[in-house]
Amino acid sequence: MMSRRKIFVGNWKMNKTPQEAQAFCEAFAPAIGGVSNADIGLAASNLLLPSLTTRFRGIQWFAQNCHWAASGAFTGEVSTSMLKSVDVSGSLVAHSERRQMCGETNLSAGQRVAALLGAGMQAILCVGETLTERDSGRWTDVLKTQLSEAFEATGIKHWTAALGSDPERPLLTLAYEPVWAIGTGRAATSAQAQEAHAFIRGWLKENLGTEVSQRLRIQYGGSVTLQNVDELMSMPDIDGALVGGASLKAEDFAQLVTRGAKSV
Ligand code: PGA
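Only a predicted model underlies this, so the values are computations on that prediction, with no experimental measurement involved.

Draft legend 1. Representation of the overall build of the protein chain within the structure. Tallying secondary structure elements over the protein chain gives twelve helices and eight strands in all. Projected onto the principal axes, the alpha-carbon positions of the protein chain cover approximately 45 × 45 × 35 Å. By residue count, 54% of the 264 residues in the protein chain fall in the buried class. Sequence-distant contacts, at least 24 apart, represent 73% of the contacts inside the protein chain between residues at least 6 apart.

Draft legend 2. Structural context of the site of the ligand. Close to the ligand lie 13 residues, the nearest being Lys13, His95, Glu177, Gly183 and Ser223. Within the contact set of the ligand, an oxygen atom lies 2.7 Å away from a backbone nitrogen or oxygen of Ser223. Take Gly244: an N or O atom from its main chain is 2.8 Å from an oxygen atom of the ligand. Relative to its free-state accessible area of 280 Å², the ligand is covered by the protein chains to the extent of 95%. Across the shell around the ligand, the residue classes break down as four nonpolar, seven polar and two charged.

Draft legend 3. Representation of the nonpolar core within the structure. With 72 residues, the main nonpolar core has Trp12, Phe28, Trp61 and Leu125 as its most contacted residues. Setting aside its immediate chain neighbours within four residues, Leu125 contacts Val93, Ala94, Arg99, Ala109, Val113, Ala150, Trp159, Leu172, Thr173, Leu174 and Ala175. Among the nonpolar cores identified, the runner-up in size contains nine residues, and Ala43, Leu92, Ile124 and Cys126 belong to it.

Draft legend 4. Representation of the pairing of strand E3 (residues 60–63). The alternating pattern of E3 places Gln60 and Phe62 and Trp61 and Ala63 on opposite faces, both of which are buried. Bridging between strand E2 (residues 38–43) and E3 involves three bridges; their strand directions are parallel. Paired with Gly41 across the two strands is Gln60, which belongs to E3. A crossover links E2 with its parallel partner E3, the connecting element being helix H2 (residues 49–55), and its sense is right-handed. Pairing of E3 with strand E4 (residues 90–93) involves two bridges; the strand directions are parallel.

Draft legend 5. Seen up close, the pattern of salt bridges. Across all of its chains, the model carries 14 salt bridges by this definition. One salt bridge connects Asp39 with Arg5, and the closest N-O pair in it is separated by 2.7 Å. Of this pair, Asp39 sits in strand E2 while Arg5 is found in the segment before strand E1 (6–11), placing the two residues 34 residues apart along the sequence. Both residues of the pair, Asp39 and Arg5, belong to the buried class. Here Glu129 ties to Arg134 by a salt bridge, and the two come within 2.7 Å at their closest N and O atoms. Neither Glu129 nor Arg134 differs from the other in exposure class; each is buried.

Conventions adopted
- Residues numbered from 1 in each chain as written.
- Predicted model: local features only at pLDDT ≥ 70, side-chain atom pairs only at ≥ 80, totals over all residues.
- Heavy atoms only, no water.
- Helix = DSSP H or I, 4+ residues; strand = E, 2+ residues; numbered from the N terminus.
- Buried < 20%, exposed > 50% of the residue type's maximum accessible area, 1.4 Å probe, protein only.
- Contact = heavy atoms within 4.5 Å.
- Near = heavy atom within 4 Å.
- Polar contact = N/O pair within 3.5 Å; in protein donor to acceptor, adjacent residues only side chain to side chain.
- Areas by Shrake-Rupley, 256 points an atom, 1.4 Å probe, with all protein chains shown as cover.
- Nonpolar A, V, L, I, M, F, W, Y, C, P; charged D, E, K, R; others polar.
- Core = buried A, V, L, I, M, F, W, Y, C linked by side-chain atoms within 4.5 Å.
- Pairing = 2+ DSSP bridges.
- Right-handed = clockwise from strand over helix to strand, strands pointing away.
- Salt bridge = Lys/Arg side-chain N within 4 Å of Asp/Glu carboxyl O.

Written out as structure tokens, the structure reads:
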């Protein structure tokens, strides 16, 4: 089995003023200085990004959403070139909060992924089922639809370009985030998460071939904490974490990342 470099990203959502973000980073950056075997990023509000990317270069910076058009009449949106111009590495795409509250679809998710990869930027595409969909046994169908529709909107050209030029850091990362585990304190068990990640990797293999499926990283997200990170990260198909609540305090998130990066 190919070993994949882990990727941990904190999703701050709509939290932190510029002052709070700076205080966080002043504590966080030195605390993660010794972690060299994993990628560490933060997804922050667009308001915060320009000053943070300038001051804290050891952290990979992500937007929480990004539009597919180059420019134009898209009120409230941000483009890949705007993000790139302030050294943002990439963006989350189709987080479940955006799917539920902002009308994000699989089609628009695919368009966003295509724009990011086309610009040579990272995309973290979020997928995951609701509690009803899990309880009714339909979770694999849901994941398959989310992946296939986004993939169809994007086109194979982009998904194979997803490997990028750095063998350790493919441009596309998938995040399995079961909606029922986000912000609820009820994480998927490591066995449930592994099963879903293996399903996603199987889909990748079927549609994009063995190499892409082995190299793309799949993060788990949904109530990841210091208590469960070891067990989740020890699963063969879990290549990192997307962390909401537990990424808001610098010391806690630094500890979580340090511990998660050590798990094999
Ligand atoms: P949580 O959020 O860690 O607070 O559950 C995860 C996410 O929304 O990405």
